[in-house]
Amino acid sequence: MTPTVYLDHAATTPLDPRVRDTMREIGDAAYANPSSLHRPGRMAREALDHARYQVAQFLNAKEEEIVFTSSGTEANNWVLRGVAEQWPGQGQCHIITSSIEHPAILETCHFLAQHGVEITYLPVDSQGLVTTHSLCQALRPETRLVSIMSANNVIGTLQPIDELSRIAHAHGVMFHTDAVQSAGKVPIDLQRQETINFLSISAHKLYGPKGCGALFIRTGTFLPPFIHGGGQENGRRSSTENIEGIVGFGAAAEIAESEGKDETVRLVQLREQLLNDLRQRIPGIYLIGHPYLRLPGHLCVGLEGKETEAIKLMLALDEGGIAVSSGSACSAQHSAKPPYILQAMGFDPIKARGALRITLGRFNTDEEIRHFVDTLELVERQLHQWTTTIGLGNN
Ligand code: PLP
């Protein structure tokens, strides 16, 4: 079998071999419980402390501001639910978010809304941007939190987080950003970005292991614990720490910090080359999302008139050994749901089903990208012939 060309890095990234080596080496040695006082326990504690240092350095935050979680989803749930918990009672808590957040935010908001929390979902423009004007209009005296993602997982658009967080701060409102997609691709400097109170990240999006995330909680910002128990993570997040995962997260963060800039430059070049090639070779292809305020390796495209065929295209590519994602079915569980992100951008429901998400990563080569374009051209042509032969229209 030919190896798969993996172009779905927004879904998850492969483990960097250097991260895997560190996890094996340190994970084998630091097997003990870091809360134990004996020597193996102290070794595990050291490994944990070092990983926290690496993640803190990566975000330019303080070590005590980093709390390890099981995922980006947990970090997001924690912030929203932790803030709502502090203002119980109907109408006491208003949270502002955007209409294109990841389900880890949106589903939590839906849950909170059933418990008396008022939620405003900010609209986005046709390129997927939240405007500062809409945030200013939505703020109320009882607004407690604004939560806007740094970058969208489906369309790749980057939000003006600095401006939005400054507005929230000026109104005395806490600001959270889901940086799961942007971390490692767009610089984060939490010393400088001092109006961000909370920030969520996840190891598996930056070539680290799955099942490991972190929440940044700025010094002076209170958030009640989400998971109660043995008092780990300074009493903020109980349960015996996932040392191996956390060590891998630390290693992945250190690599991202030292190589992130060069990687971004390379991925932007590769992405732009790919977009040019696609425009020349695939008739009717169009870009979805912002032309340049987007994640470095992220392309989301539609095929004019063939929007309903996106899943077929994706499956045909899969047959040809290429892994991309259909924007309307980024998760297999949700393939039947209308693609809310594109609809929020003003696409009609049919057109909104037609996105292909191609996300490039650290190990992709120019050759792989050329192979992808050749294969897409071929499967697109075959699909076109097939639909014309059996007389299916494009609608
Ligand atoms: N937020 C965004 C923007 C994501 O893209 C994802 C994962 O796809 C998550 C949150 C969830 O992260 P995790 O898989 O670590 O729970």
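Attention here is on the structure that accompanies the text. (Residues numbered from 1 in each chain as written. Predicted model: local features only at pLDDT ≥ 70, side-chain atom pairs only at ≥ 80, totals over all residues. Heavy atoms only, no water.)

Side note on the sheet that holds strand 6 (residues 174–178)
With respect to topology, 7 strands assemble into an open sheet ordered 2-8-7-6-5-3-4, the strand pairing being mixed. This sheet does not close on itself; its edge strands, each paired only once, are strand 2 (66–69) and strand 4 (118–122). When strand polarity is set aside, the average angle formed by the axes of neighbouring strands in this sheet is 20°. With 3 bridges connecting them, strand 6 and strand 7 (residues 198–202) associate as parallel partners. (Pairing = 2+ DSSP bridges. Helix = DSSP H or I, 4+ residues; strand = E, 2+ residues; numbered from the N terminus. Axes fitted to C-alpha atoms, helices over the stretch in contact; angles between N-to-C directions.)

Quick look at the pattern of salt bridges
Taken as a whole and judged by the stated rule, the model has 17 salt bridges. One salt bridge in this structure joins Asp 16 and Arg 362, with 2.7 Å as the shortest N-O distance. Here Arg 362 lies in the loop between strand 13 (355–359) and helix 10 (366–389) and Asp 16 lies in the loop between strand 1 (5–6) and helix 1 (17–29), a separation of 346 residues in the sequence. Of the charged contacts in the structure, one is a salt bridge between Arg 140 and Glu 142, with a shortest N-O distance of 3.3 Å. Glu 142 sits in the partly exposed class, given a relative accessible area of 21%. Three or more residues are tied together by salt bridges with common partners; here these are Asp 16, Arg 18, Glu 259, Glu 263 and Arg 362. (Salt bridge = Lys/Arg side-chain N within 4 Å of Asp/Glu carboxyl O. Buried < 20%, exposed > 50% of the residue type's maximum accessible area, 1.4 Å probe, protein only.)

Focus: the sheet that holds strand 9 (residues 285–287)
One open sheet holds the 4 strands; their spatial order is 9-10-13-12, and the pairing between them is antiparallel. At either end of the open sheet lies a strand with only one pairing partner, and these are strand 9 and strand 12 (325–326). Sheet analysis places strand 12 next to strand 13, joined by 2 bridges and oriented antiparallel. Residue pairing across strands places Ser 326 opposite Leu 356, the latter belonging to strand 13. Its contacts with the sheet place helix 7 (residues 243–281) against strand 9, strand 10 (298–303) and strand 13, and it is angled at close to 10° to strand 10. Packed onto the sheet, helix 8 (residues 310–319) meets strand 10, strand 12 and strand 13 and runs at close to 40° relative to strand 13. (Contact = heavy atoms within 4.5 Å.)

Describing unusual backbone geometry
In the Ramachandran plot, Asn 234 falls in the positive-phi region, its phi being about 60° despite a non-glycine side chain. For Asn 234, the location among the structural elements is in the loop between strand 8 (213–217) and helix 7. According to the relative accessible area criterion, Asn 234 is exposed, its value standing at 71%. One non-glycine residue, Ser 239, lies in the positive phi region at around 120°. Counting through the fold element by element, Ser 239 comes out in the loop between strand 8 and helix 7.

Some details on the environment of Val 124
In this structure, Val 124 sits in the loop between strand 4 and helix 5 (132–138). Take Val 124: its relative accessible area is 11%, and that puts it in the buried class. Sequence-distant contacts of Val 124, defined by excluding residues within four places in its chain, comprise Ser 99, Ile 100, Leu 129, Val 130, Ala 344 and Met 345.

As for the packing of aromatic side chains
Scanning the model with the defined rule gives 2 aromatic pairs in all. Centroid distance Tyr 207 to Phe 363: 5.8 Å. Interplanar angle 90°. Geometry classified as edge-to-face. Remark: Phe 363 occurs in the loop between strand 13 and helix 10 and Tyr 207 occurs in the loop between strand 7 and strand 8; sequence separation between them is 156 residues. Of note, Lys 351 hangs over the ring of Tyr 286, and the distance from its end group to the ring centre comes to 5.0 Å. Taking NZ or CZ as reference, Arg 362 lies 4.0 Å from the ring centre of Tyr 207, over its face. (Phe/Tyr/Trp six-rings, centres within 6.5 Å; stacked < 30°, edge-to-face > 60°. Lys NZ or Arg CZ within 6 Å of the ring centre and 35° of its normal.)

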